[in-house]
Amino acid sequence: MDTSTDSGTEAAQAFVVDRLNADFAGSGLADVTVRVDPAWTGSSGDDVILVAGGHEFPVELDGGGVEQACAFAAFQLQSDAMGERNRPWPELITSTGETVGVLVAPTEAVGVAIWELSGKPFCAVGHLQRAVAAAGLRIK
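What counts, and at which threshold
- Residues numbered from 1 in each chain as written.
- Predicted model: local features only at pLDDT ≥ 70, side-chain atom pairs only at ≥ 80, totals over all residues.
- Heavy atoms only, no water.
- Helix = DSSP H or I, 4+ residues; strand = E, 2+ residues; numbered from the N terminus.
- Rg over C-alpha atoms; globule rule 2.2 N^0.38 Å.
- Buried < 20%, exposed > 50% of the residue type's maximum accessible area, 1.4 Å probe, protein only.
- Contact = heavy atoms within 4.5 Å.
- Areas by Shrake-Rupley, 256 points an atom, 1.4 Å probe, with all protein chains shown as cover.
- Lys, Arg positive; Asp, Glu negative; His and termini not counted.
- Charge placed at Lys NZ, Arg CZ, Asp CG, Glu CD.
- Salt bridge = Lys/Arg side-chain N within 4 Å of Asp/Glu carboxyl O.
- Pairing = 2+ DSSP bridges.
- Axes fitted to C-alpha atoms, helices over the stretch in contact; angles between N-to-C directions.

Along the protein, the regular secondary structure elements total three helices and eight strands. Going residue by residue from the N terminus, the α and β elements of the protein occur as α-β-β-β-α-β-β-β-β-α-β. The C-alpha radius of gyration computed for the protein amounts to 15 Å, which stays within 12% of the reference 14 Å derived for 140 residues, consistent with globular compactness. In terms of principal-axis extent, the alpha carbons of the protein reach across some 50 × 30 × 20 Å. For the protein, buried positions account for 39% of its 140 residues. When contacts within the protein are restricted to residue pairs at least 6 apart in sequence, long-range pairs at least 24 apart make up 48% of them. Taken as a whole, the protein presents about 7200 Å² of accessible surface, with 52% of it coming from carbon and sulfur. Charge separation in the protein, taken as the distance between the mean sites of 8 positive and 19 negative side-chain charges, equals 15 Å.

Below you can see the structure in the form of structure tokens.
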């Protein structure tokens, strides 16, 4: 995996990757990795590309910051997880199997990248698994 030589960029990349891998564990997707490709968009500077299995897409760490990168990537990966499973994901259920709802990862982050349930914040991207457990719920 190629990474940028800028330690701030490397830290930002690791932060985004760690948060996404924490949330998408058990989703059926491959672990997220990152590579730097100076030619992806043809613009000046390095393009940060997130890789999850066969899906690759660029994220802007410089322009939008880590929260916007997390929001956009979670949205993209949620779509991949639903395609992989052929059903909504992450669908929250109670201990008795009753459906609570499906979380949504908005494409834009106003502040912290979040998961929403019925249009209301549920948890920050990177805390999905722990937040679900803390709420006494499970992901179907």
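That was the structure; now back to the text.
Going through the model one piece at a time under the given rule, you end up with three salt bridges. With a shortest N-O distance of 2.6 Å, Arg35 and Glu56 are connected by a salt bridge. A residue pair is termed long-range when its members are at least 10 positions apart, and Arg35 in strand S1 (residues 32–37) and Glu56 in strand S3 (residues 55–59) qualify at 21 residues. Residue Arg35 is classed as partly exposed on the basis of its relative accessible area of 24%.

Glancing now at the sheet that holds strand S2 (residues 47–52). The three strands are arranged S1-S2-S3 in an open sheet whose pairing can be described as antiparallel. Both outer strands of the open sheet, S1 and S3, are each paired with one neighbouring strand and no more. Each strand axis lies, on average, 30 degrees off the axis of its neighbour in the sheet, ignoring direction. Bridging between S2 and S3 involves five bridges; their strand directions are antiparallel. Bridge pairing in S3 places Val51 opposite Glu56. This element, helix H2 (residues 65–85), spans S1, S2 and S3 of the sheet and lies at about 160 degrees to S3.

What follows concerns the pairing of S2. Along a regular strand, successive side chains alternate from one face of the sheet to the other. Burial within S2 is extensive, with six of its six residues counted as buried. Neither face of S2 is open: one carries Asp47, Ile49 and Val51, the other Val48, Leu50 and Ala52, and all of them are buried. Sheet topology note: the S1/S2 ladder contains six bridges and is antiparallel. Looking at S2, one finds that Arg35 is bridged to Ile49.

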